[in-house]
Amino acid sequence: MTINPLYFANWWFDSLMIGGLSIVTWLGLSAFYSNGDLQPLAMVALGLSLFVNFPHFSATVYRLYQSSEHTRQFPVTAWGLPPVIIGAVAACFWQPQVVTPYFLLLYLLWSPYHYSGQTVGITMVYARRAGFPIGRRERLALSTFVFAAFLCGFIAIEQAGFADFYGMSVQSVAVPAWMYPAAQAVMCTGALVFAGFAIVWCVRERRMLPPIVLLPALAHFVWFVPGVGLKAFVLVVPFFHSLQYLLIALAMQLKLRLDSPGAEHSWRRIRTEAFRWGSRNIAGGVLLFIGIPVLLSWLPLPFVTIAGIVAAAVNIHHFFVDGVIWKLRDASNSSALLMNVAELSQVPPLELGRPIPARA
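Residues numbered from 1 in each chain as written. Predicted model: local features only at pLDDT ≥ 70, side-chain atom pairs only at ≥ 80, totals over all residues. Heavy atoms only, no water.

Trainee: How do you make sense of the overall build of the protein chain when you look at a structure like this?
Mentor: When you go through the protein chain residue by residue, the secondary structure sums to 13 helices and zero strands. Its helices and strands taken in sequence order, the protein chain reads α-α-α-α-α-α-α-α-α-α-α-α-α from the N to the C terminus. The C-alpha atoms of the protein chain give a radius of gyration of 22 Å, which matches the 21 Å a tight globule of 360 residues would have. Taking the principal axes of its C-alpha atoms as reference, the protein chain extends roughly 65 × 55 × 40 Å. Burial status across the protein chain gives 48% buried among its 360 residues. Counted over contacts in the protein chain with a minimum sequence separation of 6, partners at least 24 positions apart contribute 79%. (Helix = DSSP H or I, 4+ residues; strand = E, 2+ residues; numbered from the N terminus. Rg over C-alpha atoms; globule rule 2.2 N^0.38 Å. Buried < 20%, exposed > 50% of the residue type's maximum accessible area, 1.4 Å probe, protein only. Contact = heavy atoms within 4.5 Å.)

Trainee: When you look at the nonpolar core in this model, what are you seeing that I'm missing?
Mentor: As a rule of thumb, nonpolar side chains are buried together in soluble globular proteins. In terms of nonpolar packing, the biggest core is built from 72 residues, with Phe8, Tyr126, Phe132, Trp223 and Phe233 touching the most fellow members. Residue contacts for Phe132: discarding those within four places in its chain leaves Ala127, Phe194, Phe197, Ala198, Trp201 and Leu209. With 33 residues, the next largest nonpolar core counts Phe103, Leu288, Leu299 and Val314 among its residues. (Core = buried A, V, L, I, M, F, W, Y, C linked by side-chain atoms within 4.5 Å.)

Trainee: What exactly am I supposed to notice about the environment of Val84 here?
Mentor: Mapping Val84 onto the fold places it in helix H4 (residues 75-94). Taking the relative accessible area as the measure of exposure, Val84 reaches 57% and is therefore exposed. For the pair formed by Val84 and Ile292, sequence separation is 208 residues and the distance between their alpha carbons is 17 Å.

Trainee: Where do I start with a nonpolar patch on the surface in this structure?
Mentor: Nonpolar side chains collect at one region of the surface, where Trp11, Trp12, Phe13, Leu16 and Leu21 lie side by side and expose about 510 Å² of accessible area between them. Relative to the elements of secondary structure, Leu16 occurs in helix H1 (residues 11-32). A residue is classified by how much of its surface remains accessible, and Leu16, at 39% relative accessible area, is partly exposed. (Patch = residues over 30% accessible without salt bridge, like charges linked within 9 Å, V, L, I, M, F, W, Y side chains within 5 Å. Areas by Shrake-Rupley, 256 points an atom, 1.4 Å probe, with all protein chains shown as cover. Salt bridge = Lys/Arg side-chain N within 4 Å of Asp/Glu carboxyl O.)

Trainee: What exactly am I supposed to notice about helix H12 (residues 303-325) here?
Mentor: With 23 residues, H12 ought to run about 33 Å at 1.5 Å a step, and its terminal C-alpha atoms sit 33 Å apart, in line with that. Along H12, 18 of the 23 residues are buried, which leaves the element largely enclosed by surrounding structure. (Expected span 1.5 Å × (residues − 1).)

Trainee: It is not clear to me how the packing of H1 against helix H8 (residues 211-224) should be interpreted in this structure. Could you clarify?
Mentor: How two helices sit against one another is set out by the angle between their axes and by the gap between those axes. Packing of H1 against H8 brings their axes to within 9 Å, and their N-to-C directions diverge by 35 degrees. Handedness of the crossing formed by H1 with H8: left-handed. Residue-level contacts link Asp14, Ser15, Ile18, Gly19, Gly20, Ser22, Ile23 and Trp26 of H1 to Ile212, Leu215, Pro216, Leu218, Ala219, Val222 and Trp223 of H8. A class-by-class count of the residues in the contact of H1 with H8 yields ten nonpolar, four polar and one charged. (Axes fitted to C-alpha atoms, helices over the stretch in contact; angles between N-to-C directions. Left-handed = near helix turned anticlockwise from the far one by under 90°. Nonpolar A, V, L, I, M, F, W, Y, C, P; charged D, E, K, R; others polar.)

Trainee: Whenever I open this one, helix H5 (residues 100-130) confuses me. Can you help?
Mentor: One turn of the α-helix equals 3.6 residues, which is why residues spaced by three or four share an orientation. Between its first and last C-alpha atoms H5 spans 45 Å; for 31 residues at 1.5 Å apiece the expected length is 45 Å, and the two agree. For H5, the buried fraction is high: 23 of the 31 residues fall into the buried class. Immediately downstream of H5, the backbone of Gly131 shows phi near 85 degrees, a positive value.

Trainee: Could you clarify how one ought to interpret the pattern of salt bridges in this entry?
Mentor: Charged atoms that come close allow side chains of opposite charge to pair. Applying the stated rule across the entire model yields four salt bridges. Residue Glu205 is joined to Arg204 by a salt bridge in which the shortest nitrogen-to-oxygen separation is 3.8 Å. By relative accessible area, which is 37% here, Glu205 ends up partly exposed. One salt bridge connects Arg268 with Glu264, and the closest N-O pair in it is separated by 2.6 Å.

Trainee: What am I meant to see in the confidence of the model for the protein chain here?
Mentor: The predicted coordinates of low-pLDDT regions are not to be read in fine detail. Predicted confidence across the protein chain gives a mean pLDDT of 87, with 92% of residues reaching 70 or more. Below pLDDT 50 for its whole length, residues 349-360 participates in five contacts with residues either more than four positions away or in separate chains. (pLDDT = per-residue confidence, 0-100.)

Trainee: Explanation requested: the environment of Val286 in the structure shown.
Mentor: Counting through the fold element by element, Val286 comes out in helix H11 (residues 267-295). When neighbours within four sequence positions are excluded, Val286 is seen to be in contact with Leu50 and Gly291.

Trainee: Any chance you could explain unusual backbone geometry here in plain terms?
Mentor: When glycine is set aside, most residues are seen to have a negative phi, and most peptide bonds are trans. The residue Arg206 is not glycine, and still its phi comes out positive at about 60 degrees. Turning to its location among the elements, Arg206 is positioned in the loop between helix H7 (179-205) and H8.

Trainee: Can you walk me through the packing of aromatic side chains in this structure?
Mentor: How two aromatic rings sit relative to each other is given by the distance of their centres and the angle of their planes. Taken as a whole, this structure holds 17 aromatic pairs when the rule is applied. A centroid spacing of 5.6 Å and a plane angle of 65 degrees characterise the contact between Tyr65 and Trp79, whose relative ring orientation is edge-to-face. Separated by 14 residues along the polypeptide, Tyr65 in helix H2 (residues 38-65) and Trp79 in helix H4 bring together distant segments of the chain. Where Tyr113 meets Phe147, the ring centres are 5.1 Å apart and the plane angle is 50 degrees; that geometry is what we call tilted. With Tyr113 in helix H5 and Phe147 in helix H6 (residues 136-160), the pair connects residues that are 34 residues apart, well separated along the chain. On the accessibility criterion, Tyr113 (45% relative accessible area) is partly exposed. Over the ring of Phe8 we find Arg129, and its NZ or CZ is 4.0 Å from the ring centre. (Phe/Tyr/Trp six-rings, centres within 6.5 Å; stacked < 30°, edge-to-face > 60°. Lys NZ or Arg CZ within 6 Å of the ring centre and 35° of its normal.)

Here it is in structure tokens:
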């Protein structure tokens, strides 16, 4: 079997997962559903959340707490952060009209910032796979484009007026009219500078930069600039962000499990581990977003308010944890981020000729 080191799986699967599917969806919704009823799409988005959005939060929790080594490495995140989040949630329940709007604003500001960080990280992963070096200058240009695109989206939403979140009001932020064109100018500058670096590399290497390197940033642009004006598309953007995340998280989980001593290297083992990991995270996601609000339903607040506050808290916890456990500079993470899943189906060369351990 020929293994292409550029991809986690292959060109079409990786392309769909890291942004291609979202761009196709945006084009389809723009052409055929720009003024359609949002209720059916909201129900579809909720159904997708059970199997993609919610599990992507659970995957972060699972990776942090599945190993005592991880909790020892990040003790503040593992044991100090949860009481802080719980305290913030308690304050929201105690003063929902005073505290909650600011808590929700923190979530709604941090969420697209988190999306931006993920876009930069995934771009760097594929750039490294393609042999395109991203140094300090290249990363600055890329980050300028990506974060300015997020800022354009935030400003557009803020100027249009934040919709409520689970029926709760969100603290507004005064945004001057000049900020949107300024953010656009910064975004375009970052794009042009990064494109310049890419062109120089192509000329020097005498080959084209693989399109998949640019796909995460292009998808991010669609999410936050043209896409933010299409309400039907905004509903499903978290789904596409979660798809990106789950691709990386699954690759790391498979690498961790199949690299353990005596592990079987086969497609059957890969499927089994992927199913086990996926089913656990689906269950974990349901517990986080449905189970906890149900357990707190005795509080003298509408259930939708309880669910909204819990959802914001889970997101904020995810943003914190995500900042420490998926770092490319971590050696154990780097090897997983550069492998193709087909490699895990093959016995490593150093293990060839060794006796196969007996199964219990």
